[in-house]
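Working through the structure, step by step
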Amino acid sequence: MQYKSIKYFTVILFVLGFVNTKAQQDLTLYNMPAIQQSMYANPSQMPQSKINIGLPVLSSVYFNLGNSGFRVTDLIKSGPGDSNHIDVNNMLSKLSKSNYISQTLQIDLLSFGIRLFEKNYFSFSIVEKEYINFSYPKNFLDWVWQGNGAFLGQNMNFNFGLNVIHYREYGIGYVRQISDKLTVGGKLKYLYGMEDISAQNNNFTFNTDATDYGYTTNDNVNVNTSGFGPGTGSNFQSPDYWLNRKNTGMAVDLGATYKLNDKFTFSASLIDLGYINWRSYTSNYTSNGAFNFDGVDITQFTKGDTNAFNKLTDSAKNAFNVKTQHKSYTTSLPAQVYLGANYKLSEKANAGLLLYGQFFNNILVPAISASYNLKLTNWFSVSAAYTIMNRDATNVGVGFAVTGPVQFYLVTDNVIGFFLPQEVKTVNVRFGVNLCFGRKSPKAASDSTKASFQ
Amino acid sequence: MILLAKRRVKDGIGIVSILFALSFSSCIKDMQRPIASAQYTPLLAAPVVNSTLGVNNLLVKDNKNGSIQADSNNFLSLIYRGRLFSLVANNIVKIPNQIFTYTTPGLMPADTTVFNTLPVGSSYPLPMYTDTVAFTTNNTAAIDSVIFEPGTGFSIDIISQFSQNATITVTIPHAKKNGVSFTQTFNLIYTGSLPVIVVGNLNVSGYTFDMTEGGTATNEFNINYSITLQKSTNTPAQLTDNASMSIGFNNTSFQKLFGYIEQPFLSPNLDTVPITLFNNTVPGGGTFTLVNPQVRFILTNSYGVPINATFNTLMGYNPVASDYPVTVVDPKLNPWQMPYPTITQIGQSVKDSVSISNANTNNTLGAAINHTPKFFVYSVNAQANPNGKPIAPNTNFVLDTSRFIVDFQITLPLWGTASNIMLMDTIPFSFSQSTLNSVDSLLIRINATNGFPVDMGFQAYFVDSISPALRYNVLDSVVSPYQVILPSANVDTNTGKVNMAVNKISDFTFGKARMNKIKNVKKLILKGTFVTYNNAKTNVKMFSTYFMGIKIGVLAQLQTKI
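About the cut-offs
Residues numbered from 1 in each chain as written. Chains lettered and ligands numbered in written order. Predicted model: local features only at pLDDT ≥ 70, side-chain atom pairs only at ≥ 80, totals over all residues. Helix = DSSP H or I, 4+ residues; strand = E, 2+ residues; numbered from the N terminus. Contact = placed C-beta atoms within 7 Å. Buried ≥ 20, exposed ≤ 12 C-beta atoms within 10 Å, placed from the backbone. Pairing = 2+ DSSP bridges. Axes fitted to C-alpha atoms, helices over the stretch in contact; angles between N-to-C directions. pLDDT = per-residue confidence, 0-100. Core = buried A, V, L, I, M, F, W, Y, C linked by C-beta atoms within 7 Å.

**Digging into the overall build of chain B**
For chain B, the helix and strand inventory stands at eight helices and 40 strands. Expressed as a percentage of contacts within chain B between residues at least 6 apart in sequence, the contacts between residues at least 24 apart total 84%.

Below is the structure:
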């Protein structure tokens with residue numbers, strides 16, 4: 001029994017204890033031009049096939065799960081003997097001030113692209129995207145573990161955050177090879193929102209008085225939601241849900257690739273710079289109050305009043321009185337920045353260095369990745385990457401693409417997570433099937449590959 | 001070739017790197033080993049009590065007899081009230097059920113001769129018969145007059161031996177209503193058999209019965225019977241023909257009653273008033289002085305009866321048998337000649353009061369109070385008409401609304417000293433063993449601000465019961481070593497009034513060893529000790545503006561396995 005429960009506990013920790021990302025991360029995919037979806041990370045990436053058609057739903061499925069705070073092995077340590085033990089103090093020591101648990105799912109519903117006149121590439125895609133980002137403060141876990149008595153007189157900030165967003169992206173992309181050295185690209189995206197929960201920058205403080213141990217709380221909480229609440233569930237199956245909501249927005253992806261010389265190529269991209277204005281089934285919850293509890297007033301009992309507890313709960317209820325409105329609101333997408341440099345090692349291989357940053361909650365979350373990218377044959381290419389992200393250095397990325405008329409690919413930024421989930425903070429995978437037509441001859445392809453890898 | 005070889009080496013490094021990334025699969029089994037339980041040792045702090053206690057919270061609670069009263073200067077007195085006695089009309093004059101019977105004498109020969117010669121259909125009046133009845137009051141009153149209330153039962157049964165029809169008129173000439181005497185006529189129908197019986201219920205409500213027979217008697221009135229025979233048959237009248245009347249009063253109550261109610265003793269039994277100020281006070285635990293205690297007796301009387309009252313017993317009392325008698329030397333109370341309304345004040349109440357204090361009790365009142373009695377015990381000897389029958393035109397009167405009430409009020413102005421006054425209480429108390437085992441140490445913090453001129457000590461004993469003889473075996477105590485938790489506020493010695501509150505924080509720690517000692521606790525004995533300012537050497541006054549702030553918090557180091 002104990003063994004089983006421990007096993008379940010480990011699995012739960014694995015699920016909860018992963019994520020990091022706030023949106024998709026494609027650090028390995030960035031350097032795999034054989035896959036047309038690499039344009040999602042760098043819009044200036046020119047696909048190698050003249051015509052690329054993504055199989056509906058199957059052309060790109062992306063899943064990401066992570067926890068920036070700790071690994072399972074930070075909490076569950078080996079030994080002594082043949083058992084493990086829980087080391088909460090070690091886990092807490094790994095946390096930063098604010099930590100994130102994130103989950104992302106993206107599915108290409110439809111995508112295709114075509115190259116015209118050799119130097120122009122047009123693309124169109126419809127992508128279903130869903131993100132969940134939950135932020136939790138180290139303060140809170142310290143407080144729970146050590147008890148409030150360990151923090152007497154201190155204002156403990158319990159600033160939790162929650163972002164849940166589900167939207168569909170209709171994108172039109174264009175890549176233009178300006179010269180032999182410079183290629184630029186961009187993608188204009190119309191966004192259709194379905195659900196959203198935005199609870200950011202919320203403040204909740206808890207103070208235990210150092211003298212009397214009285215409790216004082218202050219809260220300043222703002223939560224916006226769209227697509228939840230009465231009347232929305234019944235529409236879930238209807239066209240209203242999938243097509244007619246008034247939650248619209250725009251976003252843009254921008255990218256550029258510059259070939260400095262035969263060895264060095266530099267690139268940069270800005271992804272998901274945009275917003276959604278939420279207008280359907282919106283609710284705006286605000287709570288701004290203070291609550292103080294210094295103990296039970298025994299005079300209420302001496303007066304024969306047995307409602308002392310009710311008075312206390314009423315007081316708390318008033319302090320945390322939540323006001324609800326139903327106004328539209330706007331959210332920004334979690335924009336991402338890639339800065340890349342590649343060095344050609346051979347005609348078939350190059351090494352890449354990639355800097356990555358994502359804006360979340362007004363904070364830039366950085367990552368750095370070094371990759372080795374190899375085109376073994378005209379139809380098979382692989383990449384390996386080593387990435388440091390989320391204060392975690394155990395991220396080994398792997399990707400491969402088998403490309404013929406039908407292309408199958410699979411890319412992950414952290415393959416370790418599939419085998420040692422307890423040792424990593426992040427795991428993600430993108431895989432899919434594309435139809436690729438008009439590929440260049442092996443020689444031409446080789447030339448193209450060279451350019452792409454440079 | 002060299003270049004080709006170099007490329008292959010580089011390509012090989014890449015492939016090895018990729019394969020390396022795939023080589024960890026077996027390590028996950030490490031995580032499937034059982035997890036040993038870990039210790040969870042949070043330090044929890046919690047506020048428990050935060051109260052500001054005023055005089056009302058501390059001195060008087062849940063007692064309908066007691067109250068606390070502040071004068072215009074906010075100076076406080078404790079007031080305890082009781083009712084010495086309360087008399088209503090029936091307590092003084094009781095009118096029992098009673099029956100008066102009368103039989104008319106036989107017919108005169110001349111009457112029979114004349115009547116027998118009359119033709120059928122003729123009327124023949126007999127002479128009027130008069131009966132004088134003696135109204136009974138169980139010797140509790142000599143009634144001059146009385147007015148009966150509705151509901152008073154007044155009945156008449158007539159048994160006729162006349163072999164003719166007849167009418168009988170009953171008249172009470174001195175029972176009048178609006179100047180008209182009480183009269184009622186009954187028809188007796190002879191149907192061939194005797195006797196002829198008639199039963200009637202009469203209404204005497206509102207009639208004034210004058211029972212003096214014109215100022216010559218009491219409790220008497222006349223009833224006249226006028227009989228007229230109606231010759232309905234040729235049956236001759238006999239000398240023995242007559243009629244018997246039976247008149248009765250039952251459930252008699254009166255609106256007003258005048259006369260002389262004699263000299264009954266109106267002595268209620270011994271009674272008590274609880275003094276809750278001293279509840280829980282341990283007898284003999286200390287001294288208590290009040291500068292000026294008072295007892296006030298308040299009379300409300302609407303009886304037209306002079307009453308003298310003497311206090312047989314007045315004393316403080318502590319169970320089981322500690323008496324602290326009060327000797328009243330006030331001439332007004334020896335005896336207390338209680339005022340009463342005159343005939344011109346009928347229906348009104350007169351009031352009077354008298355106070356006793358140390359001055360008119362030879363200081364025995366203060367001495368009794370200073371013994372912290374839990375009760376005041378009293379009995380009163382009261383007698384109506386102590387000087388005999390009032391001289392006319394004065395008379396006693398009692399109304400159905402008359403009340404004779406003597407209230408009792410103990411006033412304890414809170415000005416004085418208290419030394420080592422000890423309050424104790426015992427309450428059931430136990431710990432959940434799992435809770436106790438989870439607590440590694442416990443700190444109880446009392447943060448008190450005392451605005452009362454009283455040093456307050458507190459102790460709580462954890463006790464179990466190890467034998468019938470040792471029911472309260474002390475395991476440990478909260479305050480160790482014992483100390484004053486709330487030092488007295490500072491007092492202006494000239495006025496006895498507090499001029500500055502005093503704050504003190506006290507910590508009491510229970511380590512694991514002490515926690516183990518009290519794990520079998522069954523009860524908690526709470527003890528409070530009170531000494532007024534300056535070790536009770538200065539008289540202090542209590543004001544309604546005094547307060548005491550109490551904050552109690554706990555800091556617990558828990559230890560549990562997860």
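**As for the overall build of chain A**
A count of helices and strands for chain A gives nine helices and 23 strands. When each of the 454 residues of chain A is scored for burial, the buried share is 43%. Once local pairs closer than 6 in sequence are excluded, the contacts in chain A between residues at least 24 apart make up 69%.

**Observations regarding the sheet that holds strand β36 (residues 502–510) of chain B**
Residue and element names in this part refer to chain B. With antiparallel pairing, four strands are arranged side by side in an open sheet as β3-β39-β30-β36. Only two strands of the sheet have a single partner each, and these edge strands are β3 (43–54) and β36. In this sheet, adjacent strand axes meet at a mean angle of 15 degrees when their direction is disregarded. Here nine bridges tie strand β30 (residues 439–450) to β36, and the two strands are oriented antiparallel to one another. Within the sheet, the bridge partner assigned to R445 lies in β36 and is D507.

**Remarks on the confidence of the model for chain B**
Residues and elements named next belong to chain B. When the pLDDT values of chain B are averaged, the result is 84; 89% of them are 70 or greater. Taken as a whole, residues 1–6 scores under 50 in pLDDT and shows zero contacts with residues more than four places along the chain or in a different chain. In this model residues 12–28 is a low-confidence stretch, pLDDT under 50, and it forms 23 contacts with partners more than four residues away in sequence or in other chains. Model confidence for the complex: the whole-complex pTM is 0.67, and ipTM, which rates the interface, is 0.77.

**Points about the environment of Q337 of chain B**
Residue and element names in this part refer to chain B. Within the element layout of this structure, Q337 appears in strand β23 (residues 336–338). Residue class for Q337 comes out partly exposed when judged on the 15 C-beta atoms lying within 10 Å of it. When the C-alpha atoms of Q337 and T310 are compared, they prove to be 9.0 Å apart, with 27 residues separating the residues in sequence.

**Here we look at the nonpolar core**
Core analysis: the biggest nonpolar cluster contains 109 residues, and I92, V93, L257, I307 and V398 of chain B have the highest contact counts within it. Filtering out sequence-adjacent residues up to four positions away, V398 of chain B remains in contact with A89, I92, V93, L257, I261, Y303 and G304 of chain B. With 43 residues, the next largest nonpolar core counts L65, L191, M194 and V415 of chain A among its residues.

**Let's talk about the sheet that holds strand β4 (residues 84–86) of chain A**
Read across the sheet, three strands follow the order β3(A)-β4(A)-β1(B) without closing on themselves; strand pairing throughout is mixed. The open sheet has two free edges, formed respectively by β3 (76–78) of chain A together with β1 (35–36) of chain B, since each of these has just one partner strand. Sheet topology note: the β4 of chain A/β1 of chain B ladder contains two bridges and is parallel. Among the inter-strand pairings, N84 of chain A is bridged to a residue of β1 of chain B, identified as I35 of chain B.

**Some thoughts on unusual backbone geometry**
Backbone geometry follows two general trends: most residues other than glycine have a negative phi, and most peptide bonds adopt the trans configuration. Residues and elements named next belong to chain B. In the segment running from L194 into P195, the intervening peptide bond is cis, with an omega of -10 degrees. Positionally, P195 belongs in the loop between β12 (180–188) and β13 (196–202). Of note, the bond from N334 into P335 is cis; its omega dihedral lies within 30 degrees of zero at -5 degrees. Examined against the element boundaries, P335 turns out to sit in the loop between β22 (322–325) and β23. The backbone of N219 sits at a positive phi, close to 60 degrees, despite the residue not being glycine. Among the structural elements, N219 can be located in the loop between β14 (208–210) and β15 (220–230). Taking the C-beta count within 10 Å as the criterion, N219 has 19 such neighbours and is therefore assigned partly exposed. Look at N251: it is not a glycine, yet its phi comes out positive at around 50 degrees. The topology assignment puts N251 in the loop between β16 (243–250) and β17 (254–260). For N251, a count of 11 C-beta atoms within 10 Å puts it in the exposed group.

**Notes on the pairing of strand β10 (residues 153–160) of chain B**
Pairing geometry for β10 of chain B and β16 of chain B, over eight bridges, is antiparallel. If you follow F154 of chain B over to β16 of chain B, its bridge partner there is F249 of chain B.

**A few points about the confidence of the model for chain A**
Across chain A, the average pLDDT comes to 83, with 84% of residues at or above 70. The secondary structure element of chain A with the lowest average pLDDT is helix α1 (residues 2–16) of chain A, at 39, and the one with the highest is strand β12 (residues 248–259) of chain A, at 96.

**Remarks on the environment of N148 of chain A**
By the element assignment, N148 of chain A lies in the loop between α4 (138–146) and β7 (155–157). Note on N148 of chain A: 21 C-beta atoms within 10 Å, which makes it buried. Separated by 61 residues in sequence, N148 of chain A and D209 of chain A have C-alpha atoms that sit 9.9 Å apart. Residues within four places of N148 of chain A in sequence aside, it is in contact with W143 and T208 of chain A together with L44 and A45 of chain B.

**Section: the environment of P373 of chain B**
The topology assignment puts P373 of chain B in the loop between α5 (364–369) and β25 (375–384). Distance from P373 of chain B to D323 of chain B, taken between C-alpha atoms, is 8.6 Å for residues 50 residues apart in sequence.

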